[in-house]
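Each chain, letter by letter, is given below.
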Amino acid sequence: MSSEQLKGHLEPLVLAILEDGPAYGYAIIDSLRSRSDGVFDLPEGTVYPALHRLERAGTVTSRREVINGRERRVYRLSTKGRAALRERRTNWTQFSSAVSQVLRVRPA
Amino acid sequence: MTGVERYIADLGSRLNVGSRGRARILTEVADHLDDAIGQRVQSGQPRDHAETEALDAFGSPHLIARQFNAEAGARAMRRAPVFTVAAGFAVFTGFVVAGTTQPRSATPTNAALATQMAFFVSVLAFQVAFVAGTCAASRALSVWRASESRGADRQFVRHCAVISTGALGVAAAGWATTMGLAVSDFADPNRGTLLLGGIVMVCSAGIAIALTLGLQVNPADVEGNAPDESSGLFGIGERVIGCVRRHPVGSCTIVAALSMVPAMSHAETTIAGALPWGLLQAATVVLGFIVLGPQLGLRRTNRA
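Bear in mind the structure is a predicted one, so any value in this text is a computation, not a measurement.

**Student:** Can you walk me through the overall build of chain A in this structure?
**Tutor:** Of the regular secondary structure elements, chain A holds 4 helices and 3 strands. When the helices and strands of chain A are read in sequence order from the N terminus, they spell out α-β-α-α-β-β-α. Residues classed as buried in chain A amount to 33% of the 108 residues present. Here the contacts in chain A between residues at least 6 apart in sequence split such that 54% fall between residues at least 24 apart.

Right, dumping it as structure tokens:
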């Protein structure tokens, strides 16, 4: 799936990954790929602008930490981010359920 | 120079985000590529191959830089109306501070032609600044909460903000000149306040012009950026301009009528004296925006 198709959905997906715990950029992209069974195989670099946007919006925080002996910028979900994720989940459930109902194949 | 170093240098040359932001981005990208290559080497790939694959997977420097630039441009766009509003407020305050302390003569006399001209130009410039500032704020607010903004919107806001602060500069300089011409007597006890007002006006407008010109809104769009039409309350400025462009005569009449109200409030002004002033002022403002509208990229509303 291209980054174009993920437009508008990348940020909540990143929030969902950070819900499991703090992570640095490479690990977030790795989780995104593995949790989607390889479907979300977008250019890895496109996740960083999204992370920066989320940080500016206050939904994630970040700081440099030592991971496995190497210094990396680690991102964490903030309280505001948890609330934003809850809201996006609710909206998505309603939206996807409505789309599924409309797209459902009717018996001939 | 390794492939990663070349990539980082290429990305760095394309980023237009400020020195701190650039350093942070490049460090993060270098860290990421280091991890990506390390993992591939651990799984048995030769280093050269791992590096090429990691760089391909990361995306082209052009694509990544555009996304960061668009984000930085959106932040710059949000600052533009803040500068114009703050400068407008400072110039107006400076004018009020200086103007209210000027002694009023018991027997009003007509000011010198140079003073009248400077004042007239200042008032017009302030009106241009107000409308252009409103357009900038209107468009910026309409996309304020959107996670992404169109390059055309960012460019439009910057254009309006530059025109607004430039016009504020003209207004400030004109009013400062008016005050300078009015205070020919250096023994005037209010000269300190007049001086202060003039300095506040000119300095605040000058700072705002410099800040606005320095804004990098990076108008190049990220591919596939969805158009986000200005709508609701915050699109009202553009609707007003669209209306002025469709009905220039009617708009001119309304502005002329509104212009005469303050003119008529002075006891010494008659209808005959106020009418040409109001008409000239209204015609100049309306004509200015009919001419400037397309340059600013003002869109007509659907009914246009």
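So much for the structure itself; the text now carries on.
**Student:** Would you mind going over the overall build of chain B with me for this structure?
**Tutor:** Secondary structure summary: chain B contains 10 helices and 0 strands in total. Ordering the α and β elements of chain B from the N terminus gives α-α-α-α-α-α-α-α-α-α. Taking as baseline every contact in chain B between residues at least 6 positions apart, the subset at least 24 positions apart corresponds to 83%.

**Student:** For this particular structure, what's the right way to read helix α3 (residues 47–57) of chain A?
**Tutor:** In an α-helix, one turn spans 3.6 residues, which is why side chains three or four residues apart end up on the same side. Judged by how many residues are buried, α3 of chain A sits mostly within the fold: 8 of 11 residues are covered. Those residues of α3 of chain A that fall on the buried side of the exposure criterion are V47, Y48, P49, A50, L51, H52, R53 and L54 of chain A. Looking at the buried positions of α3 of chain A, the neighbouring elements they touch are α1 (10–19), α2 (25–35), β2 (60–67) and β3 (70–77) of chain A together with α2 (19–42) and α4 (61–100) of chain B. Remark: G58 of chain A follows α3 of chain A within two positions and exhibits a positive phi of approximately 85°.

**Student:** What is the right way to read the interface of chain A and chain B from this model?
**Tutor:** Note on interface size: it is often stated as the accessible area lost on association of the parts. At the interface, 15 residues of chain A touch 17 residues of chain B. Looking at the side of chain A that touches chain B, the elements that each hand over two or more residues are α2, α3 and β3 of chain A. When residues of the side of chain A that touches chain B are assigned to their parent elements, the largest contribution, 4 residues, is made by α3 of chain A. Residue classes in the side of chain A that touches chain B are distributed as 4 nonpolar, 4 polar and 7 charged.

**Student:** Teacher, can you tell me more about helix α4 (residues 79–103) of chain A here?
**Tutor:** Residues and elements named next belong to chain A. Look at α4: 36 Å from first C-alpha to last across 25 residues, which is about the 36 Å you get at 1.5 Å a residue. Those residues of α4 lying buried are G81, A84 and L85. Here the buried face of α4 lies against α1, β2 and β3.

**Student:** Please explain the nonpolar core as it appears in this structure.
**Tutor:** Generally speaking, nonpolar side chains in soluble globular proteins are found buried as a group. Membership of the largest hydrophobic core comes to 91 residues, with the highest contact counts inside it found for V14 of chain A together with A80, A132, A136, L168 and A171 of chain B. No other element matches the 14 residues that α4 of chain B contributes to this core. Once you skip the residues sitting within four places of it in the chain, L168 of chain B turns out to touch A87, G88, V91, A129, A205 and A208 of chain B.

**Student:** Can you help me understand the sheet that holds β3 of chain A in this one?
**Tutor:** The strands that make up a sheet pair up through hydrogen bonds in the backbone, lying either parallel or antiparallel. Residues and elements named next belong to chain A. Taken in spatial order, the 3 strands of this open sheet run β1-β3-β2, and their pairing is antiparallel. In this open sheet, the two strands that pair with only one neighbour each are β1 (23–24) and β2. Here β2 runs beside β3; their pairing, made up of 8 bridges, is antiparallel. By the bridge assignment, I67 is partnered in β3 with R70.

**Student:** Quick question: what am I supposed to make of unusual backbone geometry here?
**Tutor:** With the exception of glycine, the majority of residues adopt a negative phi angle, and the majority of peptide bonds are in the trans configuration. A positive phi angle, close to 55°, is found at D37 of chain A, a residue other than glycine. With respect to the helices and strands, D37 of chain A occurs in the loop between α2 and α3.

So, how was this worked out
Residues numbered from 1 in each chain as written. Chains lettered and ligands numbered in written order. Predicted model: local features only at pLDDT ≥ 70, side-chain atom pairs only at ≥ 80, totals over all residues. Helix = DSSP H or I, 4+ residues; strand = E, 2+ residues; numbered from the N terminus. Buried ≥ 20, exposed ≤ 12 C-beta atoms within 10 Å, placed from the backbone. Contact = placed C-beta atoms within 7 Å. Nonpolar A, V, L, I, M, F, W, Y, C, P; charged D, E, K, R; others polar. Expected span 1.5 Å × (residues − 1). Core = buried A, V, L, I, M, F, W, Y, C linked by C-beta atoms within 7 Å. Pairing = 2+ DSSP bridges.

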